[in-house]
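Next come the chains, spelled out residue by residue.
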Amino acid sequence: MAVQTVATTSDSTVDLGPAAALSCRECGHRVPLGPVFACEECFGPLEIAYDFSAYDTEELRRRIEAGPASIWRYAPLLPVPADVAEKPNLNPGWTKLVKADNLARELGVTGGLYVKDDSGNPTHSFKDRVVAQALEAARAFGFTTLSCSSTGNLAGAVGAAAARAGFRSCVFIPHDLEQGKVVMAAVYGGELVGIEGNYDDVNRFCSELIGDPAGEGWGFVNVNLRPYYAEGSKTLAYEICEQLGWRLPDQIVIPIASGSQLTKIDKGLQELIKLGLVEDRPYKIFGAQAEGCSPVSTAFKAGHDVVRPQKPDTIAKSLAIGNPADGPYVLDVARRTGGAVEDVTDAEIVDAIRLLARTEGIFAETAGGVTVGVTRKLLEAGLLDPAKTTVVLNTGDGLKTLDAVAGTGLTATIRPTLDSFREAGLA
């Protein structure tokens, strides 16, 4: 496996806060902090290992609560330098946790239903969180170009973050993405390259480029910087618990693309428990997929441990990863917590987008339609407890996926007269 070598790769010279090393999720082998993502012993995925031993719980809580209204309030728990908030970045996070009483009544939820609405991030998706983390690693390791393979939202987040931080960006996407996402990724002035094929084809190309001299000095946020990038998803767990009054939700419904967001939210919840910031009590994590790209849901329902790749065919293109890297770990989390993984059809996704918009005034992209649609399906199946506190994630803005609800439009066209208004039945 080819690994880039840059000037700074040792944990003795890199300042990434409490991050102590990289640890293999499979065999536990540890290596110094650097731009690597696979274990040299077993080829398992590497993730950040921390040293939180010096933290006092109440002092840490006060420090977090006094921090900035962004993910950097959690800098003591992330692989970033202490002065990260002072550096040029997009400062994502601290998005709204909306108490969705209207939607709760519609779905029959009595225990409290919340939507964590990440459409309020700088480029209107949760990807700003993970890119902000990767950017700090790119700075630390001396990269000059920020890149990624993307289903759309990540491309825009990388382009914006690179522009703000003064990096060159060159990102790669499937050639047939929604036009709104193409425009948003291109407007920041970086290079945007369409690859003929689906996301898995794009990702394979990027892996090849990393091992080629043409990729020298490139930080691929979701490949060679993936261990750092993935930690950004933990901040969703931190925010949800803090916004609930330092309390764990009983149930969380999370969309699945690569599966990393779901597994890192679980990691974040476990860290809060170990640090004493929340009470240790059971919670359930549920995964949500589109039927047209549901390899993890299919494996879960069949009782399998292996996730078999699928060719994506769904309107939920931001979730259209047919060979999800963290799929097996999603199965582990769902089973360990007593949750489940479910999927919904494209028609159910569109209906759920409209339901959330009609009840709560939140216009979700197709991934949000997936989580709301799956929430309704899980409730109907008796897998979600309507009497428990439930959090549903909306990870992006519906303005990015307008084609999904293209049939929505004018109620009526009238002449500018009261008679015409009444004739249309609007009085």
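Refer to the structure presented above.
Since the structure is predicted, the reported quantities are computational estimates derived from the model, not experimental observations. (Residues numbered from 1 in each chain as written. Predicted model: local features only at pLDDT ≥ 70, side-chain atom pairs only at ≥ 80, totals over all residues. Heavy atoms only, no water.)

Describing the sheet that holds strand β4 (residues 96-99)
Consideration 1: Ordered by their spatial adjacency, six strands build an open sheet running β4-β5-β13-β10-β11-β12, and the pairing between neighbours is mixed. Strand pairing shows two members of the sheet lacking a second neighbour, β4 and β12 (341-344), which therefore form its edges. Going from strand to strand, the sheet's axes swing by 25° on average, the running direction of each strand aside.
Consideration 2: Both strand β5 (residues 113-117) and strand β13 (residues 390-394) contribute to a ladder of five bridges, which runs parallel. Its bridge partner lying in β13, Val 115 is registered against Val 392.
Consideration 3: This element, helix α11 (residues 327-337), spans β11 (284-290) and β12 of the sheet and lies at about 135° to β11.
Consideration 4: Along the sheet, helix α13 (residues 366-380) makes contact with β10 (251-255), β11, β12 and β13, crossing β12 at roughly 115°. (Pairing = 2+ DSSP bridges. Helix = DSSP H or I, 4+ residues; strand = E, 2+ residues; numbered from the N terminus. Axes fitted to C-alpha atoms, helices over the stretch in contact; angles between N-to-C directions. Contact = heavy atoms within 4.5 Å.)

With respect to the packing of aromatic side chains
Consideration 1: Counted under the stated rule, the structure contains seven aromatic pairs.
Consideration 2: Between Tyr 74 and Tyr 238, the ring centres sit 5.1 Å apart and the planes meet at 50°, which makes this aromatic pair tilted. Note that Tyr 74 is positioned in the loop between α1 (57-65) and β4 and Tyr 238 in helix α8 (residues 234-243), a separation of 164 residues in sequence.
Consideration 3: Judged by centre distance (6.4 Å) and plane angle (25°), the rings of Phe 172 and Trp 218 are stacked. Within this pair, whereas Phe 172 is found in strand β7 (residues 168-174), its partner Trp 218 is found in strand β9 (residues 218-220), the two being separated by 46 residues in sequence. Trp 218 carries the same exposure label as Phe 172, and that label is buried.
Consideration 4: Between Arg 73 and the ring centre of Tyr 74, over which it is positioned, the NZ or CZ distance is 5.9 Å.
Consideration 5: Lying over the aromatic face of Trp 94, Arg 73 brings its terminal NZ or CZ to 4.0 Å of the ring centre. (Phe/Tyr/Trp six-rings, centres within 6.5 Å; stacked < 30°, edge-to-face > 60°. Buried < 20%, exposed > 50% of the residue type's maximum accessible area, 1.4 Å probe, protein only. Lys NZ or Arg CZ within 6 Å of the ring centre and 35° of its normal.)

Everything listed is a geometric property; what it means functionally is a separate question.
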